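Here are the chains, one letter per residue:
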Amino acid sequence: MDWTKFCRVYRDSIENSNMDIGSLPPLVWEISHFIGNLPYLNFTSFQMHRGTQKTGRPLFYFGQRHNSYHRQTVPLSITFDHANTDPYILKNLMQTYQNLLISV
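Below, the structure is looked at part by part. All values reported here derive from a predicted model rather than from experimental measurement. (Residues numbered from 1 in each chain as written. Predicted model: local features only at pLDDT ≥ 70, side-chain atom pairs only at ≥ 80, totals over all residues. Heavy atoms only, no water.)

## So, the overall build of the chain
- Within the chain one finds 3 helices and 5 strands.
- The helix and strand sequence of the chain, counted from the amino end, reads α-α-β-β-β-β-β-α.
- Taking all 104 residues of the chain together, 18% fall into the buried category.
- Surface summary for the chain: the accessible area is close to 8600 Å², and the carbon and sulfur share equals 58%. (Helix = DSSP H or I, 4+ residues; strand = E, 2+ residues; numbered from the N terminus. Buried < 20%, exposed > 50% of the residue type's maximum accessible area, 1.4 Å probe, protein only. Areas by Shrake-Rupley, 256 points an atom, 1.4 Å probe, with all protein chains shown as cover.)

So this is what it looks like as structure tokens:
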């Protein structure tokens, strides 16, 4: 699905929280990245239970923002399958993310 359609589906799913997730084509569900925001959960380790539908998609969860040693910190948990997510690319993503946090 192109970016415009993805944004429309995403917006519709937020506005209609009762949307049947099964209405998405299985391939779209299987290859989607999942990004979660848990602003009230301060974690140092986090593992999400996965559903029965097998997917290899990466899961990104951001936790509660807080100040530690005069620095803003944001916990981030990443779960991925090495078969479809390259650790080298993940390392570059994490470095970019960390640089963005430092620059703010």
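## With respect to the sheet that holds strand E5 (residues 76-79)
- Taken together, 3 strands build an open sheet; the order of strands is E1-E2-E5 and the sheet is mixed. The open sheet terminates on both sides in strands that have one partner only, identified here as strand E1 (34-37) and E5. Across the sheet, the axes of successive neighbouring strands diverge by a mean angle of 15 degrees, strand direction being ignored.
- Note: strand E2 (residues 59-62) against E5, 4 bridges, orientation antiparallel. (Pairing = 2+ DSSP bridges. Axes fitted to C-alpha atoms, helices over the stretch in contact; angles between N-to-C directions.)

## Concerning helix H3 (residues 87-103)
- With 17 residues, H3 extends 24 Å from end C-alpha to end C-alpha; this agrees with the ideal 24 Å at 1.5 Å per step.
- In this structure Asp86 caps H3, since a side-chain oxygen of it lies 2.8 Å from the backbone nitrogen of Tyr88. (Expected span 1.5 Å × (residues − 1). Polar contact = N/O pair within 3.5 Å; in protein donor to acceptor, adjacent residues only side chain to side chain.)

## Quick notes on the side chain of Ser77
- On the secondary structure map, Ser77 appears in strand E5.
- A relative accessible area of 9% means that Ser77 is categorised as buried.
- Discounting residues that sit within four places of it in the chain, Ser77 has contacts with Phe43, Phe46, Leu59, Phe60 and Tyr61. (Contact = heavy atoms within 4.5 Å.)

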